Amino acid sequence: MHSTESRISTPAGPVPDQAPHWNRQRHSQMPSHRYRDVHSRVDVPLTERDWPANRLTTAPLWVPVDLRDGNQALSEPMDPDRKHRFFELMIRMGYKEIEVGYPSASQTDYDFVRLIATTELAPEDVTIVVFTPARRDLIERTVASIQGIRNPVVIHLYTATAPAWRDVVLGKSKQQLRELILAGASDVLELAGDLPNVRFEFSPEVFNLTEPDYVLDICNAVTELWMATPERPVILNLPATVEVATPNIYADQIEYMHKHLARRDSVILSVHPHNDRGTGVACAELAVLAGAQRVEGCIFGNGERTGNVDIAVLALNLHAQGIDPMIDFSDIDEIRRTVEDSNRIEVHARHPYVGDLVHTAFSGTHQDAIRKGFAEQRSRAAHEGRPERDIEWRVPYLPIDPADIGRSYDAVIRVNSQSGKGGIAYLLETEYGIELPRRLQIDFARRVQEHTDANGQEVGAAQLLELFERSYLGGSSPDVELLDLSVETHAGASRTSIRVGIDGAEHSGTFDGIGPAEAVTKLLASAGVTVDILSLHQTALGVGSSSEALTLLEYRAPSGTRWVAGRDRSVLSATVTAILSAARNSISMHAHAHA
């Protein structure tokens, strides 16, 4: 195995002649000469630019492609239940055009489109988009999938058009590829042109590396063939399939098409940026300045390689500029939980707006400025006699009010004032092997802060452990206990038998085909005790072979989300114990509320 030192060669040689005297950087050993800059790969004939003087004033039409493009990028594509939950989330958030799948590519996608056709899953004002390559048999299956859908439908036809794809992948000349695309467009028109609720979309894939006049000719030929009108417009979607240039180049390309397309009033100009250079958001924003009216992307940016453009960030960027994004992000943690569950990908802690740490300031000077900003906000609201939510937001370091997206700041800032003195989570992990999820770190840090505020003393690792156990493992009244638990597996099917006591009364049940956690919540529900689990995390209490399993459980309570823990030598028993602790708390809170 090579060491890091053996793989890295310190840049050497003379300082380049053109470098200013204060820049002492030397040439690296990276083979950058192998790559061509974008200007030598594609011509951008735009000579006069309007987009730099334009301003964003309204939201474009957002089109989430998580269920198709994002789904194709998953190592474990969504099953029907995950697709269903994700689709319902998009509906609740307010998306009105959703690309739901690639029905000719998989049975799961085909069946999901059929589910929409045969149920009322999609409200009548939501447009359903389905995706197909320019091949007649696949177009036929795509059209078959939408039969009976009452909603507006868009059939999205695509073919790669850039030189490398024509030469290496498709083996087609320019003329041959043009004929292939128009043949596919003709098939779409023949098979679905008489359906009154259906419109068409065409994507010249890898648009950003295709010769402008060639792609312009193809797009104009397609809109002519499809008889685009203002009443039945065609969507021309121009993807930066592989991001290769600075965002201003993409904006120039979009503006060139915007200014030169035939039947412009009958075209909805759409963009689909990827994020290979990490500038997908900037590409989309500049593209809208340049004339784009519609943006395809994924919520939190999932997609092939480095992902599709993040339409959550785009929307909240508008919100931060005083522009209604037309999509509801007021419970961003619920959105994140659904997206993470559907994608099986955790959102990064520093992800804009939604990351667990984006409202966290570790710097004392930042914390001080934020505290003063909040104080000024409260004072100004009182002086004006208006709610804080109605007055202009101007707290330093926070581009938007965390409350807008269902977050608070107080707990986060207190966590970090403590973690600056040693790190609560760091101490528990290094001393006892307990790994706390970030949201539990926030909850526990608030309790630690309350403790230190009360006694004015610093706390060490042993005191942290004691406080952790008291906060999340303690309590035994009212009486909720596990009396018996068994899990049997036969021929791949599981059977869970559970018996619990609640205030002296015994409740039991046997459940087939579900896990023990779901089984115990069902048994509790039958006894009138609801435990709404939001997340489960497994860790250990202690290190080595003698350590106990520790289950950390986040659940929804009437007062908000809460945490409990369960421990046992068995991971299974620790999990059930945690759920019963949550039940105990729920019973206690219910009794207190009705006392």
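The preceding data block contains the structure.
Because the structure is a prediction, the values reported are computed rather than measured.

(A) Summary view of the nonpolar core. Among the nonpolar cores identified, the biggest contains 92 residues, and Phe87, Tyr95, Ile254, Ile299 and Phe329 are the most heavily contacted of them. The next biggest cluster of nonpolar side chains, apart from the first, holds 24 residues, and it includes Ala517, Val529, Val564 and Ile579.

(B) Representation of the layout of surface pockets in the model. Put simply, the largest pocket is a space of about 820 Å³. The wall of the largest pocket is formed by 27 residues, among which Arg337, Glu340, Asp341, Leu534 and Ser535 lie closest to the centre. Of all elements in the fold, only helix H3 (80-93), helix H12 (332-343), helix H16 (438-455), strand S12 (532-541) and strand S13 (548-557) reach the threshold of two or more residues within the lining of the largest pocket. Per-element tally for the lining of the largest pocket: the top contributor is S12, with eight residues. In the lining of the largest pocket, the residues fall into seven nonpolar, five polar and 15 charged. Looking at which domains feed residues into the lining of the largest pocket, each of domain 1 (53-313) and domain 2 (480-593) gives three or more. By volume, the second largest pocket is sized at about 580 Å³. Around the second largest pocket, the lining comprises 20 residues; the ones closest to its centre are Asp333, Ser408, Arg439, Ile442 and Thr561. Of all the secondary structure elements, the ones that give two or more residues to the lining of the second largest pocket are H12, helix H14 (410-419), H16, S13 and strand S14 (560-568). For the lining of the second largest pocket, the leading source of residues is H16, giving four residues.

(C) How the structure looks around helix H5 (residues 136-145). Taken together, the buried positions of H5 are Leu138, Ile139, Thr142, Val143 and Ser145. Burial along H5 is one-sided: seen end-on, the buried residues are contained in an arc of 155 degrees. Looking at the packing, one finds that the buried side of H5 touches helix H4 (107-118), strand S3 (127-133), strand S4 (153-160) and helix H7 (174-192).

(D) Representation of the pattern of salt bridges within the structure. Under the counting rule described, the total for this entry stands at 42 salt bridges. Notably, a salt bridge pairs Arg446 with Glu450, separated by 3.4 Å at the nearest N-O pair. Pair noted here: Arg446 and Glu450 are both in helix H16, with a separation of four residues, about one helical turn.

Cut-offs and rules
- Residues numbered from 1 in each chain as written.
- Predicted model: local features only at pLDDT ≥ 70, side-chain atom pairs only at ≥ 80, totals over all residues.
- Heavy atoms only, no water.
- Core = buried A, V, L, I, M, F, W, Y, C linked by side-chain atoms within 4.5 Å.
- Buried < 20%, exposed > 50% of the residue type's maximum accessible area, 1.4 Å probe, protein only.
- 1 Å grid on protein atoms, 1.4 Å probe; cavity = no way out; pocket = protein on both sides within 12 Å on 5 of 7 lines; lining within 4 Å.
- Points joined across faces, edges and corners; volume = space filled by probe spheres on them.
- Helix = DSSP H or I, 4+ residues; strand = E, 2+ residues; numbered from the N terminus.
- Nonpolar A, V, L, I, M, F, W, Y, C, P; charged D, E, K, R; others polar.
- Domains from an automatic or database assignment.
- Arc of directions from axis to C-beta.
- Contact = heavy atoms within 4.5 Å.
- Salt bridge = Lys/Arg side-chain N within 4 Å of Asp/Glu carboxyl O.

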